[in-house]
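# Structural overview for review
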Amino acid sequence: MNEKTLKILEKYYGYKNFRKGQEKIIESILEKKDLLAIMPTGAGKSICYQIPALIFHGITIVISPLISLMKDQVDSLRSIGIEAAYINSSLDNDELKEIFYGLKNNKYKIIYVSPERLDSKIFLEVVDAIDVSQIAIDEAHCVSQWGHDFRVSYRKIGSFISRRDNKPVITAFTATASLEVRNDIVRMLNLNDPEIFVNGFDRENLEISIIKEGRKERFLKEYIQKHSDISGIIYCATRKDVDSIYEEITNLGYQVGKYHAGLKDMERKEFQDMFIKDKINIMIATNAFGMGIDKPNIRFVIHNNMPQSIEAYYQEIGRAGRDGEKSECILLFTPGDIHLQKYLIDTGLRSEQRKIIAYKKLQDMASLVYSADCYRKYILNYFGEEAIDNCNNCSNCLSEGEVTDKTVESQKVLSCIGRMKSGFGITMVVDVLRGSKSQKIINYNFHTLSTYGIMKEYKKDELIAFVNTLISHGVIDQVEGTYPILKLNNLSVKVLKGEHRVLLKEAKVKDYGFKENNLFNILKEIRFSIASEEGIPPYMVFGDVTLKEMSTKLPETKEELLEISGVGEIKCDKYGFKFAEEIRKYIIENNTIKSNNDVNSINNKKFYVNSDENLYQKLRNLRETIALKENKIPYSIIHQNSLKEISGRYPLTLEELGDISGIGPKKIEAYGRDIICIVKNYIEDNNLNRNWQVKGRLKLVIDGEERENEEIVIDMLNEGYEISEISNRTEISLSTILGYVTEYIKENGEILFKLNIDNLYKKEEEEEILMACKRFGVEKIGEIKKSLDPRIKYESIRAVILKNYYNIV
Ligand code: ADP
């Protein structure tokens, strides 16, 4: 492994290992060989050209088609301490001048440029005069007419490259794999005997499901009820669908966004911004949304309609789970989707040749949907990649959901179609089966058929959905014409003869297996507030994966923070301590111990401390003085348990102070010297002999108190203490105390003590809180808090929930 590149990866990006393919690509670029890398969305292309850019002497120019993405990339790079800028039409003249000045003075290592700029005279003048080491072309497939995102301006790249005397290394990146596109890229960019890397197309973290059950609306509603607190996109084929689903979900009380070409620019931009900044979790959109969205924590992508091609489908689902975390991709299919997409191709494309290609691609997509084999295998094969085993991560491989035998119901439908002598569409067949008295049915004499009214018990929508499901499973054919009509096929005959059973699986919304622990939610809130203050998307502070690792490894020091994946040096200094402070507080409040490899042996070992009352009082006085000066509540400065621990252990150096629970570098810097001074004087005055021992990660027991905080609080409540008194005595916040009570009730069913909580909220707040509870569910305290006026406190939310949902009177 190349140490230099690995060091850069760790120092700037905070990642410990390269992902598949990255290292080889970087090595090849460093050897100055032209390169074409084909990697799926989310595989980590950017790092492949960014790390060489940092090592090369000259500058790296990145050509990228998406203005919004350029800004994000540059912001991300700056946030980790890499000098970068972008040039595109969004800049005014002064900004451009400043960047050109920076370019001439070697200020940047990386510069992003939109292809439209490549023949601008002034840009060329500046670039001709500087040392360019690499030209990286992102989304390189845009150069090819075979690709689905062809850009005329990408044609300028070839001549831009060839005008340079000293040809830099040219690197091209794309997620599109087809051979025509690949050849086009090599040819149009004049790549010189390039190394071609095709990085496995599989995105193992994406679970692919195709649901052919028909009742899309019901499924969507149920899904959102269960997952309103995680980020996801719902794709629809038409603007009309986007608008109507948006309205329905909004009516249910959820705040979601929408995006399609028919909205005003401002409106679109605002929704997109809210989505990226985690202010709303769900976006309902046409395929116009997503290019240029780098948000790494999208946990689900649902297609309300089948897309037009496997390429489009794979690109769209690729937006889920960029951070490598498990994510769900669900396609809700009904046969009508195929007709809808045919219609859209018919009316949307002029060129006959392009229409033919589009129909062919649509056919491939439909074949995927109808396939009974592993979906992932099908897709990978489509992209020319061999997949040997079944994936066990798609709905064809996983046999979840209850299977029901629908053979008899199917036979009723089939025999009805047979008796109607074909030639009719779904609605007519359904009307006959339900025994409709419409004139049309009488006219055709269908009321005399033996199948008339044999499925009366079904609602119309239900039966339509069932017939659609049968079409989706190939039991009935739907044939094109002026309008689609139903026909029996070979499989229908087998079903009618009882030679083939129709076994259908009920589509169930699964509970997403991503349980968030409490600390993770707390860290997410801190991230949200930092991001809001700085006006950047939360993921630019730290990704979900990083916060999750923090919430289990509980880093408190700089060294420990740097161990966490995603924490590089700059971000550690900039944000790390805010997170460490909160982690420390959490450890104390919950009396948690850190897990590590030998957690069991640590669990069994305890570190006993007896506090020294006199020294403790002196330390309390110091805290009082600081609190007055800083205008803060004393326990927010240092918790009393930390003071007790100090008083019993007598730390005399700043390093020793670092071994006290609840005191991190920031507090040591601010108050460490004063504390040590008091301890030193006390030892001298009292002629004490101390025996310093390192506590490390052992569990602390002060003055023989072995109970967890939760136990202490519940015991005090049982003894009749008011919660405000308990909070004063234990220095545990009211909200945490109410959290303990809630957990206690969940476990034990009831409480035997009295709890006065009416004074913790105002009447008018109660209503607002209850509405938010309805929207997010009572477990989602973080989401509820975020949606309310910031003045409404956590304890008010918890009190209202206890009163209304747990019947505390
Ligand atoms: P692509 O351009 O291929 O779609 P990105 O370059 O945007 O993907 O990377 C996707 C995500 O993966 C980003 O959040 C990035 O920080 C992360 N990532 C990239 N390389 C690594 C790595 N070696 N370890 C962990 N995360 C990585």
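Source: prediction; values computed, not measured. (Residues numbered from 1 in each chain as written. Predicted model: local features only at pLDDT ≥ 70, side-chain atom pairs only at ≥ 80, totals over all residues. Heavy atoms only, no water.)

### Regarding the sheet that holds strand 2 (residues 59-63)
Here seven strands make up an open sheet; going across it, the order is 3-4-2-5-6-1-7 and the pairing parallel. The sheet terminates laterally at strand 3 (84-87) and strand 7 (195-198), the two strands that pair on one side only. Strand-to-strand twist in this sheet, taken as the mean axis angle between neighbours without regard to direction, amounts to 15°. Pairing between strand 3 and strand 4 (residues 110-113): four bridges, direction parallel. Along strand 4, the bridge assignment pairs Ala85 with Ile111. (Pairing = 2+ DSSP bridges. Helix = DSSP H or I, 4+ residues; strand = E, 2+ residues; numbered from the N terminus. Axes fitted to C-alpha atoms, helices over the stretch in contact; angles between N-to-C directions.)

### Some words on the domain arrangement of the protein chain
For the protein chain, the assigned domains read domain 1 (3-198), domain 2 (206-382), domain 3 (403-505), domain 4 (518-602), domain 5 (606-702) and domain 6 (709-805). Domain 4 and domain 5 are separated by 24 Å when their C-alpha centres are compared. (Domains from an automatic or database assignment.)

### Some remarks on the pattern of salt bridges
Throughout the structure, instances matching the rule amount to 49 salt bridges. When the shortest N-O distance is used, the salt bridge between Lys216 and Asp337 registers 3.1 Å. Of this pair, Lys216 sits in helix 9 (residues 216-227) while Asp337 sits in helix 13 (residues 336-348), placing them 121 residues apart in sequence. With a relative accessible area of 13%, Lys216 lands in the buried category. The class of Asp337 is buried, set by a relative accessible area of 3%. Between Arg649 and Glu645 there is a salt bridge; the shortest N-O distance is 2.7 Å. One end of the pair, Arg649, and the other, Glu645, are both in helix 29 (residues 640-649), four residues apart, so they sit about a helical turn from each other. The burial state of Arg649 is the same as that of Glu645; both residues are buried. One network of salt bridges, in which partners are shared, links Asp278, Lys295, Arg527 and Asp544. (Salt bridge = Lys/Arg side-chain N within 4 Å of Asp/Glu carboxyl O. Buried < 20%, exposed > 50% of the residue type's maximum accessible area, 1.4 Å probe, protein only.)

### Things to note about the packing of helix 25 (residues 569-590) against helix 31 (residues 665-686)
Running from amino to carboxyl end, helix 25 crosses helix 31 at an angle of 90°, the nearest separation of the two axes being 9 Å. Considering their axes alone, helix 25 and helix 31 lie roughly perpendicular with respect to each other. Across the interface between the two elements, Phe577, Glu581 and Arg584 of helix 25 pack against Pro665, Lys666 and Lys667 of helix 31. Partitioned by chemical class, the residues of the contact of helix 25 with helix 31 number two nonpolar, no polar and four charged. (Parallel < 35°, antiparallel > 145°, perpendicular 65-115°, else oblique. Contact = heavy atoms within 4.5 Å. Nonpolar A, V, L, I, M, F, W, Y, C, P; charged D, E, K, R; others polar.)

### Here we look at the site of the ligand
Around the ligand, the structure places 15 residues, and the nearest of them are Tyr15, Asn17, Gln22, Gly42 and Ser46. Between the ligand and Asn17 there is a distance of 2.9 Å, counted from a nitrogen atom to a backbone nitrogen or oxygen. One of the side-chain N or O atoms of Arg322 is found 3.1 Å from an oxygen atom in the ligand. Protein coverage of the free-state accessible area of the ligand, which is 570 Å², stands at 82%. In terms of residues, the shell around the ligand owes the most to one element, helix 3 (residues 45-55), which gives three residues. Of the residues that constitute the shell around the ligand, the class distribution is five nonpolar, six polar and four charged. (Near = heavy atom within 4 Å. Polar contact = N/O pair within 3.5 Å; in protein donor to acceptor, adjacent residues only side chain to side chain. Areas by Shrake-Rupley, 256 points an atom, 1.4 Å probe, with all protein chains shown as cover.)

### Quick notes on empty space enclosed by the protein
Counted according to the given criterion, the structure contains four cavities of 30 Å³ or more. Partitioning the lining of the second largest cavity into residue classes produces four nonpolar, one polar and three charged. (1 Å grid on protein atoms, 1.4 Å probe; cavity = no way out; pocket = protein on both sides within 12 Å on 5 of 7 lines; lining within 4 Å. Points joined across faces, edges and corners; volume = space filled by probe spheres on them.)

### Overview of the sheet that holds strand 13 (residues 327-332)
Pairing in this open sheet of six strands is parallel, and the strands run 8-13-12-9-11-10 from one edge to the other. Of all strands in the sheet, those bounded by a partner on one side alone are strand 8 (206-211) and strand 10 (257-259). This sheet shows a mean twist of 15° between the axes of neighbouring strands, independent of strand direction. As judged from the six bridges shared by strand 8 and strand 13, these two strands associate in the parallel manner.

### Points about helix 4 (residues 67-79)
Residues separated by three or four positions in an α-helix point in the same direction, a consequence of the helix having 3.6 residues per turn. Over its 13 residues, helix 4 runs 19 Å from end to end, which matches the ideal 18 Å to within 8%, given 1.5 Å per residue. Within helix 4, burial applies to Leu69, Met70, Asp72, Gln73, Val74, Asp75, Leu77 and Ser79. Structurally, helix 4 contributes buried residues whose contacts are with helix 1 (3-13), helix 3, strand 3, strand 4, helix 22 (538-541) and helix 25. Downstream of helix 4 by one or two residues, Gly81 has phi in the positive range, about 90°. (Expected span 1.5 Å × (residues − 1).)

### Focus on the packing of helix 27 (residues 613-630) against helix 29
Following both chains from N to C, one finds helix 27 and helix 29 inclined at 135°, their axes separated by 8 Å at the closest point. The angle between the axes of helix 27 and helix 29 places the two elements in the oblique class. The way helix 27 lies across helix 29 gives a crossing that is right-handed. Contacts between helix 27 and helix 29 involve Leu615, Tyr616, Leu619, Arg620 and Arg623 on the former and, on the latter, Gln640, Leu643, Lys644, Ile646 and Ser647. Residues that form the contact of helix 27 with helix 29 fall into these classes: five nonpolar, two polar and three charged. (Left-handed = near helix turned anticlockwise from the far one by under 90°.)

### Here we look at unusual backbone geometry
Phi is positive for Glu139, which is not a glycine, with a value near 50°. With respect to the secondary-structure elements, Glu139 resides in the loop between strand 5 (132-137) and helix 7 (156-162). Even without glycine at this site, Leu554 takes up a positive phi of about 55°. For Leu554, the location among the structural elements is in the loop between helix 23 (544-553) and helix 24 (558-562). Given the relative accessible area of 2%, Leu554 is considered buried.

### Structural notes on a negative patch on the surface
Among the surface-exposed residues, Asp92, Asp94, Glu95 and Glu98 lie close enough to one another that they form a single negatively charged patch. You can see Glu98 is positioned in helix 5 (residues 93-104). For Glu98, a relative accessible area of 53% corresponds to the exposed category. (Patch = residues over 30% accessible without salt bridge, like charges linked within 9 Å, V, L, I, M, F, W, Y side chains within 5 Å. Lys, Arg positive; Asp, Glu negative; His and termini not counted. Charge placed at Lys NZ, Arg CZ, Asp CG, Glu CD.)

### A closer look at the nonpolar core
The biggest cluster of nonpolar side chains holds 157 residues, and the ones touching the most others in it are Ile111, Ile137, Met550 and Phe579. The element that contributes the greatest number of residues to this core is helix 25, accounting for eight residues. Beyond its immediate sequence surroundings of up to four residues, Met550 is in contact with Leu519, Leu523, Phe542, Pro555, Leu561, Ile564, Val567, Phe579 and Ile583. Membership of the second largest hydrophobic core comes to 35 residues, among which are Phe753, Ile781, Leu788 and Ile797. (Core = buried A, V, L, I, M, F, W, Y, C linked by side-chain atoms within 4.5 Å.)

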